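Structural features, examined
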Amino acid sequence: CRCRSREEQLQRDTELRYAQAALPSGKTMRTFDNFLVRPGTDDMLAAARKFADREGPRMLVMVGQTGTGKSHALEADRTVRYDLTSTFLARLRHTYDSDSGEDVHDLTAWYQRRHTVLLDDIGMESATAWVREQLTTLIEERLHSGGWMALATNLDKAGMSDRMGDRLASRLYAGNPELSEVSNIINTAEDYRA
């Protein structure tokens, strides 16, 4: 029956999208419904829901201390590609190995084809010139292509500028109201793990 074949193909496509999303696995799937709302998380949660519904700016930057729910809010969007920033950079580095079988341009193009890219813990990696270049390029390409992107970081604009350079900080913390491409949310919650 054609209906069964079509349903099986849709199921395979769904499983492939989930596998390519690379969301962290755990005992419980992280959703907006099981997010523990605490003082200081309301604005972040509202912005993450709006972003997941594809409303507002195409880039969301969530800033807050460790353990405040930024990663949980990122993982609640299921139609995405999720990576720790360090994992993304390691994948790029691996393309330079002679046995990788993957080209850096093909890999970056693959990321650009994802509907939504989520990067967690941006600014925690070693801030070499190569790292700054790769992250700035990815973010600029997402902004220019109209792709959706959400990022989580512990760094404010000054910290991002010191660590990753003025160019990247300027893009992530765009404060000009005429440039409605980036939304910055400050999460003021205390560390959930403390």
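The sections below set out a description of the structure shown in this document. (Residues numbered from 1 in each chain as written. Predicted model: local features only at pLDDT ≥ 70, side-chain atom pairs only at ≥ 80, totals over all residues. Heavy atoms only, no water.)

**Focus: the overall build of the protein**
The number of helices and strands found in the protein is 8 helices and 5 strands. Each helix and strand of the protein, ordered N terminal to C terminal, gives the series α-α-β-α-β-α-α-β-α-β-α-α-β. Counting the 194 residues in the protein, one finds 42% classified as buried. (Helix = DSSP H or I, 4+ residues; strand = E, 2+ residues; numbered from the N terminus. Buried < 20%, exposed > 50% of the residue type's maximum accessible area, 1.4 Å probe, protein only.)

**Considering the environment of Gly165**
Assignment of secondary structure puts Gly165 in the loop between α7 (157–164) and α8 (166–172). Setting aside anything within four residues of it in sequence, one finds Gly165 in contact with Arg132 and Met160. (Contact = heavy atoms within 4.5 Å.)

**Topic: the packing of aromatic side chains**
What the rule picks out here adds up to 4 aromatic pairs. Note on Phe88 and Tyr111: the rings are 4.9 Å apart at their centroids and 85° apart in plane angle, and the pair reads as edge-to-face. With Phe88 in helix α4 (residues 85–94) and Tyr111 in helix α5 (residues 104–113), the pair connects residues that are 23 residues apart, well separated along the chain. Considering the side-chain rings of Tyr96 and Trp130, the 6.3 Å spacing of their centres and the 70° angle between planes classify their relative orientation as edge-to-face. Here Trp130 lies in helix α6 (residues 129–145) and Tyr96 lies in the loop between α4 and α5, a separation of 34 residues in the sequence. Lying across the ring of Trp148, Arg54 places its NZ or CZ 5.6 Å from the centre. (Phe/Tyr/Trp six-rings, centres within 6.5 Å; stacked < 30°, edge-to-face > 60°. Lys NZ or Arg CZ within 6 Å of the ring centre and 35° of its normal.)

**Some remarks on the sheet that holds strand β2 (residues 81–84)**
Strand order in the open sheet made by the 5 strands is β2-β3-β4-β1-β5, with parallel pairing throughout. Two strands close off the open sheet at either side, each with one partner strand: β2 and β5 (182–187). Looking at each pair of strands side by side, their axes are set apart by 15° on average, direction ignored. On top of the sheet, α6 reaches β1 (59–64), β3 (116–120), β4 (148–153) and β5; it is set at about 140° to β4, its chief contact. (Pairing = 2+ DSSP bridges. Axes fitted to C-alpha atoms, helices over the stretch in contact; angles between N-to-C directions.)

**Section: the pairing of β3**
In terms of burial, β3 is largely enclosed, as 5 of its 5 residues are buried. Both faces of β3 are covered, namely the face carrying Thr116, Leu118 and Asp120 and the face carrying Val117 and Leu119. The pairing of β3 with β4 spans 4 bridges and is parallel. Residue pairing for β4: Leu119 is matched across the bridge by Leu151. After leaving β3, the chain enters α6 and then returns to the sheet as β4, a path that is right-handed. (Right-handed = clockwise from strand over helix to strand, strands pointing away.)

**Remarks on the pattern of salt bridges**
Applying the stated criterion across every chain, the model contains 3 salt bridges. The partner of Glu140 in a salt bridge is Arg167, with the nearest N and O atoms 2.8 Å apart. With a gap of 27 residues between them, Glu140 in helix α6 and Arg167 in helix α8 connect regions that are remote in the sequence. Taking the relative accessible area as the measure of exposure, Glu140 reaches 15% and is therefore buried. We note a salt bridge from Glu140 to Arg171, for which the minimum N-O separation is 2.7 Å. Of this pair, Glu140 sits in helix α6 while Arg171 sits in helix α8, and the two are 31 residues apart along the sequence. Arg171 sits in the partly exposed class, given a relative accessible area of 25%. (Salt bridge = Lys/Arg side-chain N within 4 Å of Asp/Glu carboxyl O.)

**Here we look at the packing of α4 against α5**
In contact at an axis separation of 8 Å, α4 and α5 are set at 145° when each is read in the N-to-C sense. Seen from above, α4 lies across α5 with right-handed handedness. Contacts from Phe88, Arg91 and Leu92 of α4 reach α5 at Val104, Leu107, Thr108, Trp110 and Tyr111. (Left-handed = near helix turned anticlockwise from the far one by under 90°.)

**Observations regarding the side chain of Gln134**
One can find Gln134 in helix α6. Gln134 sits in the buried class, given a relative accessible area of 12%. When neighbours within four sequence positions are excluded, Gln134 is seen to be in contact with Leu89 and Leu92.

Function cannot be inferred from these measures alone, as they are strictly geometric.
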